[in-house]
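Examining the three-dimensional arrangement
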Amino acid sequence: MSKSAIDGPTKGGFSFDLCRRNEMLVKKGLKGPSFLKTGTTIVGLVFQDGVILGADTRATEGPIVADKNCEKIHYIAPNIYCCGAGTAADTEAVTDMVSSQLTLHRYHTGRESRVVTALTLLKSHLFSYQGYVSAALVLGGVDVTGPHLHTIYPHGSTDTLPFATMGSGSLAAMAVFESKYCEGLTRDEGVQLVAEAISSGIFNDLGSGSNVDICVLTKGHKEYLRNHLQPNPRTYISQKGSFSKKTEVLLTKITPLNKLVEVIEGGDAMEE
Amino acid sequence: MTKEHANWSPYDNNGGTCVAIAGADYCVVAADTRMSSGYNILTRDYSKITQLADKCAMASSGFQADVRALQKHLEARHLIYQHQHNKQMSTPAMAQLLSNTLYYKRFFPYYAFNVLGGLDGEGKGCVFTYDAVGSYERVGYSSQGSGSTLIMPFLDNQLKSPSPLLLPAKDAVTPLSESEALDLVKTCFASATERDIYTGDKLEIVVLNAKGTRREYMELRKD
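In the annotation of an unreviewed UniProt entry, the entry for chain B reads Proteasome subunit beta, and the organism field reads Cinchona calisaya.

Taking an unreviewed UniProt entry as the reference, chain A is identified by name as Proteasome subunit beta belonging to Cinchona calisaya. Database annotation for chain A, UniProt heading Catalytic activity (unreviewed entry): "Cleavage of peptide bonds with very broad specificity."

Right, let's talk about the pattern of salt bridges for a bit. Within the structure shown, the criterion is met by 20 salt bridges over all chains. Between B:D223 and B:R221 there is a salt bridge; the shortest N-O distance is 2.7 Å. When salt bridges that share partners are traced, they join A:R58, A:K68, B:E194, B:R221 and B:D223 into one network.

Here we take up the sheet that holds strand β5 (residues 49-53) of chain B. Residues and elements named next belong to chain B. Taking strand neighbours across the sheet as the criterion, the 5 strands line up as β5-β6-β7-β8-β9 in an open arrangement whose pairing is antiparallel. Unpaired on one side and paired on the other, β5 and β9 (136-139) mark the two borders of the sheet. The mean inter-strand angle of the sheet, taken between neighbouring strand axes irrespective of direction, is 25°. For strand β6 (residues 56-62) and strand β7 (residues 112-119), the ladder comprises 7 bridges, and the chain directions are antiparallel. Directly across from A57, in β7, lies its bridge partner G117. Where helix α1 (residues 64-85) meets the sheet, it contacts β5, β6 and β7, and its direction lies at approximately 160° from that of β6.

Moving on: helix α5 (residues 187-204) of chain A. Each turn of an α-helix holds 3.6 residues, which means side chains three or four residues apart point in the same direction. Residue and element names in this part refer to chain A. If you check α5, its first and last C-alpha atoms are 26 Å apart, about what 18 residues at 1.5 Å a residue would give, namely 26 Å. Burial in α5 covers these residues: G190, V191, L193, V194, A195, A197, I198, S199, S200, G201 and I202. Contacts from the buried residues of α5 go to β1 (42-47), β2 (50-55), α4 (170-180), β11 (212-218) and β12 (221-229).

Our focus in this paragraph is the UniProt feature "active site" (unreviewed entry) in chain A. Residues and elements named next belong to chain A. The positions that UniProt labels "active site" (unreviewed entry) are, in the present scheme, T40. Note on placement: T40 falls in the loop between α1 (19-27) and β1. Not counting residues within four places of it along the chain, the set of residues in contact with T40 comprises D56, K72, G84, A85, M166, G167, S168, G169, D205, G207 and S208. In this structure the side chain of T40 is engaged in a polar contact, spanning 3.1 Å, whose partner is the side chain of K72.

In this section: the environment of B:F108. Residues and elements named next belong to chain B. Note that F108 resides in the loop between α2 (91-104) and β7. What makes F108 partly exposed here is its relative accessible area of 47%. Between the alpha carbons of F108 and G62 there is a distance of 15 Å; along the sequence they are 46 residues apart. Apart from the residues lying within four places of it in its own chain, the contact partners of F108 are P10 and Y11.

It is worth spelling out the interface of chain A and chain B at this point. Contact with chain A, which involves 33 residues of that partner, is made by 33 residues of chain B. In total, chain A and chain B occlude about 2,800 Å² of area from one another, counting both sides; carbon and sulfur atoms represent 51% of this. The interface formed by chain A and chain B contains 2 salt bridges. For B:D223, the salt bridge goes to A:R58, with nearest N and O atoms at 3.1 Å. The tally of links between chain A and chain B comes to 16 residue pairs in polar contact (both at pLDDT 80 or more). Looking at the side of chain A that touches chain B, the elements that each hand over two or more residues are β4 (64-67) and α5 of chain A. For the side of chain A that touches chain B, a count of residues per class yields 11 nonpolar, 13 polar and 9 charged.

Our next topic: the environment of B:R215. Residue and element names in this part refer to chain B. Mapping R215 onto the fold places it in strand β12 (residues 212-219). By relative accessible area, R215 is classed as partly exposed at 40%. When near neighbours in sequence (up to four residues on either side) are disregarded, R215 contacts S47, I49, Q51, E204, I205 and V206. In terms of polar contacts, R215 uses its side chain to reach the side chain of E204, at 2.4 Å.

Criteria and thresholds
- Residues numbered from 1 in each chain as written.
- Chains lettered and ligands numbered in written order.
- Predicted model: local features only at pLDDT ≥ 70, side-chain atom pairs only at ≥ 80, totals over all residues.
- Heavy atoms only, no water.
- UniProt positions renumbered as here; feature names shortened; annotations may be inferred.
- Salt bridge = Lys/Arg side-chain N within 4 Å of Asp/Glu carboxyl O.
- Pairing = 2+ DSSP bridges.
- Helix = DSSP H or I, 4+ residues; strand = E, 2+ residues; numbered from the N terminus.
- Axes fitted to C-alpha atoms, helices over the stretch in contact; angles between N-to-C directions.
- Contact = heavy atoms within 4.5 Å.
- Expected span 1.5 Å × (residues − 1).
- Buried < 20%, exposed > 50% of the residue type's maximum accessible area, 1.4 Å probe, protein only.
- Polar contact = N/O pair within 3.5 Å; in protein donor to acceptor, adjacent residues only side chain to side chain.
- Buried area = accessible area lost by both parts, 1.4 Å probe.
- Nonpolar A, V, L, I, M, F, W, Y, C, P; charged D, E, K, R; others polar.

Shown next as structure tokens:
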């Protein structure tokens, strides 16, 4: 499909040119590529001094655990962090992109970044990709206007909430929040509640697991508690100590290389 | 003109992993106790192992409703056999019966992936491994279920004898002692639990030997 002069310069967004060809291939039996999804539990809550974000650390590829201890709380700005659920590559790419855009913006304006700025950059990017960038985010931070917590959906809609959960374990985590959340929590109460919500996701949702990561954001200060809780140690280590049997050798064949190549003594040195 | 396919399936996969290892005078049959559906856990404490005869135990993963129905069928047939022959069924006989039962439903199969373990007529360990429609083989060890792709290569590495082209053909049973085989099974499940989301919670181990049957449990990761 060629762009006529009336359409103007190509703006962002997805080009659907290849869709008909993809459909034809699927009809012929082609299996599309699979994605690494984080099958996650991510949460955020607002407490009296700021925002606390929490996440589990399991990344899955279908029924297999691809990474037992991945990082789902992404850096956006010194005062803004973002948890990501959905396709791992998408959450990683979109948060890195907005983070670098905000750094340039900080140089341009000379001011601390605001959460609503990150929010607008993320939502407009996701909307222009019509949900194909599969990133579901919990964005939190503290700026001059106060503490903020938002959820962002893959299609580009956002919510502003006092507490939020996303990912496959969101129902398990939300059950904990709905029972125990109240306004004006202290830091320790907030961390405790977030840890409980993530643990609920870890133990009751098969897509989430391993450890609890927490990030506490207050005015002018951040605390990244990587692996704050590790409630899943390996349950059995063999008495043998190590398994010595390696892949068995069936045949060893040694071919001296100078039989296969021509060796020129004192030839030209390789070019730099 | 594409055919319209049913939106409803009579099957569900409840996950789980089963392993069996045959020794010179014992047999170990093990399975995890997690029952799941999709991303949810239905229960952490469900036994997938049933003792069909004195010297014969079966572990099955897959669709537990079909597994339960299969277990009931085999237990009933065993009872009839005992009435007619005045003795317990031997493990090879039970193996054949299971195969026939599965093939009987070839065109609406039991969604059950089975391993049968026990002591044969001579008191040696034997393991039989099955697919969903009854194809079976006597082997020295086997695993079935969601974690089998993770466990089987490890068991092949630890238990399989070197290529039959190099050495005289070896016995199917493992030369390991009972305690070594138990250590191996526990390691297999602890490792499979790390990487398979459908395996975990608790491990149930049934050990059959000349002295009788023994059951053991071990905790696994619950996430």
